Each structure stands twice: as structure tokens, then as C-alpha cells.
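# Commentary on secondary and tertiary structure
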Amino acid sequence: MANKQPLNIVKMKKMKADGIPLSMVTAYDYPSASLAEEAGVDMILVGDSLGNVVLGYDSTLPVTIDDMVYHTRSVVRGAGHTFIVADMPFMTYHGSSDSTLDNVKRLMQDGHAHAVKMEGGREICTAVETIVKAGVPVLGHIGLTPQSVNQIGGYRIQGKDEADATRLLEDAKALEKAGAFGVVLELVTEEVARFISEQLSIPTIGIGAGRYVDGQVLVFHDLFKYASPYRDKRFVKTYGDIGTIVRDGISQYVHDVKSRSFPDETHVFTADDQVVENLYGKGKEKVGRV
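Residues numbered from 1 in each chain as written. Predicted model: local features only at pLDDT ≥ 70, side-chain atom pairs only at ≥ 80, totals over all residues. Heavy atoms only, no water.

On to the overall build of the protein chain, then. Across its full length, the protein chain carries 12 helices and 8 strands. For the protein chain, the C-alpha radius of gyration of 24 Å lies well beyond 19 Å, the compact-globule estimate for 290 residues. Overall, the protein chain is about 90 × 35 × 35 Å in size when its C-alpha atoms are taken along their principal axes. Counting over 290 residues, the protein chain shows a buried share of 46%. Restricting the contact set of the protein chain to residue pairs at least 6 apart, pairs at least 24 apart contribute 56%. For the protein chain, the computed accessible surface area is about 15,900 Å², with 53% contributed by carbon and sulfur atoms. One way to put it: in the protein chain the 31 positive side-chain charges average out to a point 1 Å from where the 38 negative ones average out. (Helix = DSSP H or I, 4+ residues; strand = E, 2+ residues; numbered from the N terminus. Rg over C-alpha atoms; globule rule 2.2 N^0.38 Å. Buried < 20%, exposed > 50% of the residue type's maximum accessible area, 1.4 Å probe, protein only. Contact = heavy atoms within 4.5 Å. Areas by Shrake-Rupley, 256 points an atom, 1.4 Å probe, with all protein chains shown as cover. Lys, Arg positive; Asp, Glu negative; His and termini not counted. Charge placed at Lys NZ, Arg CZ, Asp CG, Glu CD.)

So this is what it looks like as C-alpha cells:
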């Protein structure tokens, strides 16, 4: 992908105006990022969802800024020609402006991200403004916000009543005003997501938000059922079953090792006759020689 030019926030806004959907996928390491770039994805999100799908936590809350820097750096090495957004993890942008900017600085300078993503609406707009003024693009995230899962009462669909729809619209507009270049809408009813998208000049990127947003994002591990056990999700379309392939492959490997059918003659390296003679004495044939 040497000739690929990364998107920028100006191009993304034009794509929205031209009705061209944005494609985004999460990635957490070098090989998945490389494959995503080769496949032509527009943007990669190094999501704090790595807490669930890579680190084995039951939520995103334990993910640290060190985790995000480490994984972002790996992704950038694998996808150097793609626009990469890194999540700001739990409680890294709710303190002072200085502490928030220190965490942003780590993701940008140490992780080499192109932008950061932050969960929340009007309550985080001061932080968004501060970061944008520092020259860092910010992607907003409203609807289901996993970092606030304990406060919102679980993984519930958002925008099911008029009050909730109004709240989401006001949050989206506030994020736009604060300088966000786009907004992720997660698990939002299709009608509300569509209306929000029509009201904003910046792109909306949906995950479980229906057909009428400006782009879509899915988790790499959901795309390919790369988990055990894997739990099907209504808003996800899967494009392969890596989990089963990997499990079956390792199972076959274990069988081959136990039965001594691996390695066979095609997998070994042989020494010169003189080496064998020196090791075992004259008349000793090479291993495997008939």
C-alpha cells in the first residue's frame, strides 16, 4: 500500500458531503493492522475494546494509557498509510487540563496516533476544546459508552424514547461545536442515528446504529469470530470464523505431535555424512535414510 495516502479530517468531511461512506475497523497489533490496510480500510481505531478482546478483562475500565500507547505503536507500524485513531482510556481525560494533555501527548508522541477518541457528550466538551486547541483531532463517541457502563445500567440500546433522542442530539451538536471532527454512535436506534447524522456537518460513524450514518466501525475480532466462546451480536456481520479455524488447527497440531507424525521428513534438516560419522562413528547412517 505504498501509494495509499491516509485520509485526513478535511477529506472525511468532504466524503460525508459527497455521500461516500467511511469504513473503519479496530486493530490492536501489527498483523491485524497490516491486513486492514491492505484490505483498503479508511480508518483504524485502536480501541480500548482491547481490554475485552485482547487482554481478557470483562470491561474496558482496566485498560491503561500504557496499554493504549503500546498497542497504538504496534498498529502504526503495521498501517503506516492509514488514518489511526487511539482511544483515550477510562479516567484519562476527566482531570485537569494538564493531565488530559499529558495523556494525549503520550498517544500522539509515543503511540504515533493521528487522532484520539473520547467517550461522552456535553460533559467532556471542555476537554475536547482543550485538545483540539492543542492541535489534536478528536473523534467523539456517544450512545452506548462502555466506559460508563456501570452508570448507564448495562449495555442498553440508546435513543429509544424522545428524551433520550434529544439528549443524544444535543450531545452530538455540542461535540461538533467543541471541535470534534466526527462522532461515533454506538447502539443507537436507526431513526435517531439518521436524524443526528442529518443535523451535523461532521461525519457520524455507527456501530449498531443502523444504515443511515456516514460510516461504520466494527471490532476486528467480531468480524471473524476470533474468540472463544464467541457471542453473536445482532449488529455485527461476520466475514469468517477464525476462532474455529485456529482451534481446529491447534488441535490437529497436538494430535500430530503426540502421534509423532510431525515433524516428518519434509520438515527436518540433515547434516553432512562426515558430521554423522564424527558423531556416531563409521557405518552409522543418517536418520531417516533407507
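So much for the structure itself; the text now carries on.
Taken as a whole and assessed by the stated rule, the structure comprises 13 salt bridges. Here Asp214 makes a salt bridge to Lys16, at a shortest N to O gap of 2.6 Å. Placement of Asp214 in the loop between strand 7 (204-207) and strand 8 (215-218) and of Lys16 in helix 1 (residues 9-17) is noted, with a sequence separation of 198 residues between them. Residue Asp214 is classed as buried on the basis of its relative accessible area, which comes to 14%. (Salt bridge = Lys/Arg side-chain N within 4 Å of Asp/Glu carboxyl O.)

Before going further, it helps to spend a moment on helix 11 (residues 242-258). Counted at 1.5 Å a residue, the expected span for helix 11 with its 17 residues is 24 Å, and the 24 Å between its end C-alpha atoms agrees. The positive-phi residue at the C-terminal boundary of helix 11 is Arg260, with phi of around 60°. (Expected span 1.5 Å × (residues − 1).)

Across the interface, helix 6 (residues 125-133) lies against helix 8 (residues 162-178) with an axial gap of 8 Å and an inter-helix angle of 25°. Viewed along their axes, helix 6 and helix 8 adopt a mutual orientation that is roughly parallel. Regarding helix 6 and helix 8, the two cross each other, and that crossing is right-handed. Between helix 6, through Cys125, Val128, Glu129 and Val132, and helix 8, the contact on the second element is made entirely by Ala174, Leu175 and Ala178. Of the residues assigned to the contact of helix 6 with helix 8, the class counts are 6 nonpolar, no polar and 1 charged. (Axes fitted to C-alpha atoms, helices over the stretch in contact; angles between N-to-C directions. Parallel < 35°, antiparallel > 145°, perpendicular 65-115°, else oblique. Left-handed = near helix turned anticlockwise from the far one by under 90°. Nonpolar A, V, L, I, M, F, W, Y, C, P; charged D, E, K, R; others polar.)

Core analysis: the largest hydrophobic core is formed by 72 residues, its most contacted members being Ile44, Met118 and Leu185. Broken down by element, the residue count for this core peaks at 7 residues, all from helix 8. With residues up to four places along the chain from it excluded, the contact list for Ile44 reads Met24, Val25, Ala27, Ala33, Ala36, Val75, Ala79, Thr82, Phe83, Ile84 and Val85. (Core = buried A, V, L, I, M, F, W, Y, C linked by side-chain atoms within 4.5 Å.)

If you check which residues of helix 9 (residues 190-199) are buried, you get Val192, Ala193, Ile196 and Ser197. Angularly, the buried residues of helix 9 cover 135° about the axis, an arc narrow enough to put them on a single face. Residues of helix 9 that are exposed and angled more than 90 degrees away from the buried face: Glu191 and Glu198. Here the buried face of helix 9 lies against helix 1, helix 8, strand 6 (182-186) and strand 7. (Arc of directions from axis to C-beta.)

With that settled, consider the layout of surface pockets. Roughly 1,200 Å³ of volume is contained in the largest pocket. Contributing to the lining of the largest pocket are 39 residues, with Glu186, Asp222, Arg231, Lys233 and Phe235 lying nearest its centre. Those elements that place two or more of their residues in the lining of the largest pocket are helix 3 (50-53), strand 4 (115-119), strand 6 and helix 10 (220-223). For the lining of the largest pocket, the per-class residue count stands at 19 nonpolar, 9 polar and 11 charged. (1 Å grid on protein atoms, 1.4 Å probe; cavity = no way out; pocket = protein on both sides within 12 Å on 5 of 7 lines; lining within 4 Å. Points joined across faces, edges and corners; volume = space filled by probe spheres on them.)

Across a sheet, strands are paired by hydrogen bonds formed along the backbone, either parallel or antiparallel in direction. Around the barrel, 8 strands lie side by side as 1-2-3-4-5-6-7-8; this closed barrel has parallel pairing. The mean inter-strand angle of the sheet, taken between neighbouring strand axes irrespective of direction, is 25°. Taken strand by strand, helix 8 contacts strand 5 (138-143) and strand 6, and its axis lies near 175° from that of strand 5. (Pairing = 2+ DSSP bridges.)

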